[in-house]
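Residues per chain are reported as follows:
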Amino acid sequence: MLQAITHRMLLSANVGAGSSVLDIGCGVGGVSQLAARLVGPRGHVTGIDQSDAAISLATSLARSANLSNITYTNSTLEHANLDQQFDAVVGRAVLLFQPDVVTFLKKAARLVKPGGYIAFHEIDDGRQFQSRPKVEIWDLTMRALLSKLQQGCPQYDIAQRMVEVFALAGLPVPELTYEIPTAGGKAESLCLWATETLRSLSGNATHAQLADGYAMDWGALNLELQSAISSANAQVEFLGQVCAWARIPVC
Ligand SMILES: C[S@@+](CC[C@H](N)C(=O)[O-])C[C@H]1O[C@@H](n2cnc3c(N)ncnc32)[C@H](O)[C@@H]1O
């Protein structure tokens, strides 16, 4: 689901055969791999991340996927030693973590060729969720998830402020999409996504702590969510996904 949204953003940012792409905060390479398939053998993707462990895993995943047109480097954007400009500079779920997002965007924009694109896919950790009819356990799980995300992300509501931060960085008004992953039935993918994300943010604790005195085993929580959503004929929403992209003018 996430990959399909990012894929559409890359196409909107003109990433295609022969492009050069910089993926900032590439993690284990989800976005870099998408871009590498789009740019093909004549193009190239550079992924940078401040986490050494993420870069090691990204490198071995690219090798297993036979993608030889990606180079990964362990660096922050601030300290990256990049001596070229790119057709597209992209990132996913990375602005959320920046203490100074405007300075970060300015630095990213300097790495785009004139006429190229800057594009970010960010996750909206500032919006409340809906379940209709109301499914209490889904709402509790999502509230616990939002609280963890808001504690961990200095820019948790950045997805709602993309136009503002692009303007403050001297960039053109971005084009935007906002998608809310939504499901009914057992909503298996959303339930798994929610429980796995909450689990990783909880330091892989043995139980999910949903509220004071309300804890549940992770596997049981996943099944309980599916059953509650299905029996209520409910429609549930997950974290909103914003994509923002802009073309850097040719002076
Ligand atoms: C939530 S992960 C997203 C990873 C990847 N973009 C994805 O969507 O799968 C955020 C990543 O950004 C990296 N990161 C955060 N700030 C960074 C910075 N200033 N320079 C380089 N990497 C950064 C983190 O190390 C982490 O791997």
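Residues numbered from 1 in each chain as written. Predicted model: local features only at pLDDT ≥ 70, side-chain atom pairs only at ≥ 80, totals over all residues.

K.L.:
What should I look at first to understand the packing of helix α5 (residues 136-152) against helix α8 (residues 218-231) in this one?
P.N.:
To characterise two packed helices, one gives the angle between the axes of the helices and the distance between these axes. Viewed as axis vectors pointing N to C, α5 and α8 meet at an angle of 135 degrees, and their least axial separation amounts to 8 Å. Taken together, the axes of α5 and α8 are oblique relative to one another. Where α5 approaches α8, its residues Ile137, Trp138 and Thr141 are matched on the opposing element by Leu221, Glu224, Leu225, Ala228 and Ile229. For the contact of α5 with α8, the per-class residue count stands at 6 nonpolar, 1 polar and 1 charged. (Axes fitted to C-alpha atoms, helices over the stretch in contact; angles between N-to-C directions. Helix = DSSP H or I, 4+ residues; strand = E, 2+ residues; numbered from the N terminus. Parallel < 35°, antiparallel > 145°, perpendicular 65-115°, else oblique. Contact = placed C-beta atoms within 7 Å. Nonpolar A, V, L, I, M, F, W, Y, C, P; charged D, E, K, R; others polar.)

K.L.:
Quick question: what am I supposed to make of the nonpolar core here?
P.N.:
Nonpolar side chains tend toward joint burial in soluble globular proteins. Judged by nonpolar contacts, the single largest core of 72 residues is most densely connected at Ala35, Val89, Val90, Ile118 and Ala119. Ignoring sequence-local partners within four residues, the contact set of Ile118 consists of Val89, Ala108, Ala109, Val112, Leu171, Trp245, Ala246 and Ile248. (Core = buried A, V, L, I, M, F, W, Y, C linked by C-beta atoms within 7 Å. Buried ≥ 20, exposed ≤ 12 C-beta atoms within 10 Å, placed from the backbone.)

K.L.:
How do you make sense of the packing of helix α7 (residues 188-201) against α8 when you look at a structure like this?
P.N.:
At their nearest, the axes of α7 and α8 sit 9 Å apart, and the two run at 150 degrees to each other. Between α7 and α8, the angle falls in the class roughly antiparallel. The handedness of the crossing between α7 and α8 comes out as right-handed. Along its contact with α7, which presents Glu188, Cys191, Leu192, Thr195 and Arg199, the element α8 presents Trp218, Leu221, Asn222, Leu225 and Gln226. By residue class, the composition of the contact of α7 with α8 is 5 nonpolar, 3 polar and 2 charged. (Left-handed = near helix turned anticlockwise from the far one by under 90°.)

K.L.:
Teacher, can you tell me more about helix α3 (residues 52-64) here?
P.N.:
One full turn of an α-helix is made of 3.6 residues, so residues set three or four places apart face in the same direction. Between its first and last C-alpha, α3 extends 19 Å over 13 residues, near the 18 Å set by a 1.5 Å rise per residue. For α3, the full list of buried residues reads Ile55, Ala58 and Ala62. Buried residues of α3, viewed axially, fall in a sector of 60 degrees; they line one side. Across α3 from its buried face, at more than 90 degrees, point the exposed residues Asp52, Ala53, Ser60, Arg63 and Ser64. Looking at the buried side of α3, the elements it contacts are α2 (30-39), β2 (44-49) and β3 (70-74). Looking at the residues trailing α3, positive phi occurs at Asn66, about 60 degrees. (Expected span 1.5 Å × (residues − 1). Arc of directions from axis to C-beta.)

K.L.:
Before we go on, may I ask you to explain the site of the ligand in this structure?
P.N.:
Close to the ligand lie 18 residues; Gly25, Gly27, Gly30, Thr76 and Arg92 are nearest. Taken together, the elements giving at least two residues each to the shell around the ligand come down to α2 and β2. Considering only residue class, the shell around the ligand consists of 9 nonpolar, 6 polar and 3 charged. (Near = placed C-beta within 6 Å.)

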